[in-house]
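Below, each chain spelled out in residue letters.
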Amino acid sequence: MTFRSPESTVNGAEGTRSQWGAAGTAEEQPPEVVRLTTAMRELSQAGWYWGSMTVNEAKEKLRDAPEGTFLIRDSSHADYLLTISVKTSAGPTNLRIEYQDGKFRLDSIICVKSRLKQFDSVVHLIEYYVRTCRDKRAGAETPRNGTVHLYLTKPLYTATPSLQHLCRLSINKCTTKIWELPLPTRLKDYLKEYQYQDDSLGNITTTWRFMP
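Parameters at a glance
- Residues numbered from 1 in each chain as written.
- Predicted model: local features only at pLDDT ≥ 70, side-chain atom pairs only at ≥ 80, totals over all residues.
- Heavy atoms only, no water.
- Helix = DSSP H or I, 4+ residues; strand = E, 2+ residues; numbered from the N terminus.
- Buried < 20%, exposed > 50% of the residue type's maximum accessible area, 1.4 Å probe, protein only.
- Areas by Shrake-Rupley, 256 points an atom, 1.4 Å probe, with all protein chains shown as cover.
- pLDDT = per-residue confidence, 0-100.
- Contact = heavy atoms within 4.5 Å.
- Salt bridge = Lys/Arg side-chain N within 4 Å of Asp/Glu carboxyl O.
- Pairing = 2+ DSSP bridges.
- Axes fitted to C-alpha atoms, helices over the stretch in contact; angles between N-to-C directions.
- Expected span 1.5 Å × (residues − 1).
- Core = buried A, V, L, I, M, F, W, Y, C linked by side-chain atoms within 4.5 Å.

Draft legend 1. Spatial organisation of the overall build of the protein chain. When helices and strands are tallied, the protein chain shows 6 helices and 7 strands. Along the protein chain, helices (α) and strands (β) appear in the sequence α-α-β-β-β-β-α-α-β-β-α-α-β when read from the amino end. The buried share of the protein chain, taken over its 212 residues, is 42%. Here the protein chain displays about 11500 Å² of accessible surface, and carbon together with sulfur accounts for 52% of that area.

Draft legend 2. Main features of the confidence of the model for the protein chain. Model confidence for the protein chain is summarised by a mean pLDDT of 75, while 67% of its residues fall at 70 or above. Element-level mean pLDDT values for the protein chain span from 44 in strand 7 (residues 203–206) up to 96 in helix 2 (residues 55–62). Per-residue pLDDT stays below 50 along residues 1–23; that stretch engages in 59 contacts with residues further than four places along the chain or on separate chains. Below pLDDT 50 for its whole length, residues 199–212 participates in 63 contacts with residues either more than four positions away or in separate chains.

Draft legend 3. Representation of the pattern of salt bridges in the model. Tallied over the entire structure, the rule returns 5 salt bridges. The closest approach of N and O atoms between Arg63 and Asp64, which form a salt bridge, is 3.5 Å. Residue Arg63 is classed as partly exposed on the basis of its relative accessible area, which comes to 47%. Under the relative-accessibility criterion, Asp64 is labelled exposed at 64%. One salt bridge connects Lys103 with Asp120, and the closest N-O pair in it is separated by 2.5 Å. You can see Lys103 sitting in strand 4 (residues 103–106) and its partner Asp120 sitting in the loop between helix 3 (110–113) and helix 4 (122–134), a full 17 residues away along the chain. Owing to a relative accessible area of 31%, Lys103 belongs among the partly exposed residues under this scheme.

Draft legend 4. Geometry of the pairing of strand 3 (residues 91–100). Strand 3 sits mainly inside the fold: 9 of its 10 residues count as buried. Pairing of strand 3 with strand 4 involves 4 bridges; the strand directions are antiparallel. The residue of strand 4 that forms the bridge with Glu98 is Arg105. What sits between the antiparallel neighbours strand 3 and strand 4 is a turn of 2 residues, in which Asp101 has the positive phi angle 55°.

Draft legend 5. Geometry of the sheet that holds strand 4. Pairing in this open sheet of 5 strands is mixed, and the strands run 4-3-2-1-6 from one edge to the other. Both outer strands of the open sheet, strand 4 and strand 6 (154–155), are each paired with one neighbouring strand and no more. Of the pairings in the sheet, the one linking strand 2 (residues 82–88) to strand 3 comprises 7 bridges and is antiparallel in character. In the strand pairing of strand 3, Val86 is matched with Thr93. Of the strands in this sheet, strand 1 (69–74), strand 2 and strand 3 touch helix 2, which is tilted by about 160° from strand 1.

Draft legend 6. Molecular detail of helix 1 (residues 31–46). Helix length check: helix 1, at 16 residues, gives a terminal C-alpha distance of 23 Å against a target of 22 Å (1.5 Å per residue), a fit within 8%. Here helix 1 has its buried residues at Leu36, Thr37, Ala39, Met40, Glu42, Leu43 and Ala46. Backbone geometry just downstream of helix 1 places Gly47 in the positive-phi region, at approximately 95°.

Draft legend 7. Fine view of the nonpolar core. The biggest cluster of nonpolar side chains holds 30 residues, and the ones touching the most others in it are Leu43, Trp48, Ile72, Leu82, Ile84, Ile97 and Phe104. Every element with two or more residues in this core is listed here: helix 1, strand 1, strand 2, strand 3, strand 4 and helix 4.

So, in structure tokens, the structure goes:
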């Protein structure tokens, strides 16, 4: 069963998520809530999560963008949390992200779904496909009937990333041994909050279900 957000409301438009952080301490919250809150906090720090946005609004944002430009937004379907909106050669399209049993994965046709990798975080999901598909891009085959090649090359930021965040991305590219760096503990904590490299993206090639 796909997780349904209890704070989602759908009325012909995007569902609205109020606050991902639930009341109470982490010790008082169910593990599922803690995992989801942590994943959504990481996604918000990425800079390309747009929150509540209609399908038409996402299309307008991507209308004049280069192919491969993408953003993450809340899904319009009550049974899904998030959707990737991406500009393809045929125009903007959408790909849902499933959340089930504490894990995220891309929505796809049934015969493919069981083979898709699952992740603890949305940012990790995107980063994984970037790294695994980057090497395949040069030899990508012409899409067969019913398939589409998705090239995720440029995130559409909600605002210009801060210099601190850009520095964090650069450091993360160079090392995973944050605690061994000659930096104050406060800066190390900041680096550990977001240990991803999301500024250089690749392509995803498979058979997906494109839905708002």
